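# A closer look at the structure
In case you want the letters, here they are:
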Amino acid sequence: MRKFLFGLLALVIAEIALFIVIGKAIGVLYTLLLIISTSVVGLLIAKQRGTKSVQDIQKSLQQGQPPAVAMIETFMIFIGGALLALPGFITDIIGLFFVLGVTRNLFKPVVFYFLRKRMKKGQVVILQR
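The rules behind the values
Residues numbered from 1 in each chain as written. Predicted model: local features only at pLDDT ≥ 70, side-chain atom pairs only at ≥ 80, totals over all residues. Heavy atoms only, no water. Patch = residues over 30% accessible without salt bridge, like charges linked within 9 Å, V, L, I, M, F, W, Y side chains within 5 Å. Areas by Shrake-Rupley, 256 points an atom, 1.4 Å probe, with all protein chains shown as cover. Salt bridge = Lys/Arg side-chain N within 4 Å of Asp/Glu carboxyl O. Lys, Arg positive; Asp, Glu negative; His and termini not counted. Charge placed at Lys NZ, Arg CZ, Asp CG, Glu CD. Helix = DSSP H or I, 4+ residues; strand = E, 2+ residues; numbered from the N terminus. Buried < 20%, exposed > 50% of the residue type's maximum accessible area, 1.4 Å probe, protein only. Phe/Tyr/Trp six-rings, centres within 6.5 Å; stacked < 30°, edge-to-face > 60°.

For the protein chain, an unreviewed UniProt entry supplies the name FxsA family protein and the organism Solibacillus merdavium.

Glancing now at a positive patch on the surface. Together, Lys3, Lys117, Arg118 and Lys121 give the surface a local cluster of positive charge. Broken down by element, the positive patch gets its largest block of residues, three residues, from helix α5 (residues 101-121). Within the secondary structure, lysine 121 sits in helix α5. Overall, the relative accessible area of 56% leaves lysine 121 in the exposed class.

Turning our eyes to something else, we now look at the packing of aromatic side chains. Applying the stated criterion across every chain, the model contains three aromatic pairs. Both rings, one in phenylalanine 98 and one in phenylalanine 107, keep their centres 5.2 Å apart while their planes meet at 35°; by these two values the pair is tilted. By relative accessible area, phenylalanine 98 is classed as buried at 17%. Following the ring pairs from residue to residue traces out a cluster consisting of Phe97, Phe98 and Phe107.

Dropping the structure here:
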């Protein structure tokens, strides 16, 4: 929990520093417009990709296949959309990485590794009905 709080504090400090640097470089008004526009565009992309991802889950279930990959993609798109909604340039970049398909595919092995590691430790439980 301490690592998480430290990371969150570091992110906030980095975002504020980046706001100041970019605000000085292009001006306060343009900085605010850039933040708002990246958030709006990112959320629109996340909505489009998220809808397709949910349809992929439904398609997998209809075909009788486990929807693990589609669920991971949907989760990553959701996290990316949440990061895009937060004001900040660093969170926008990370959010875009999670929302865009090309870069999301780079992160999938990391997410699968994290889940497998947690499952081996018994920290992730899969319920079957």
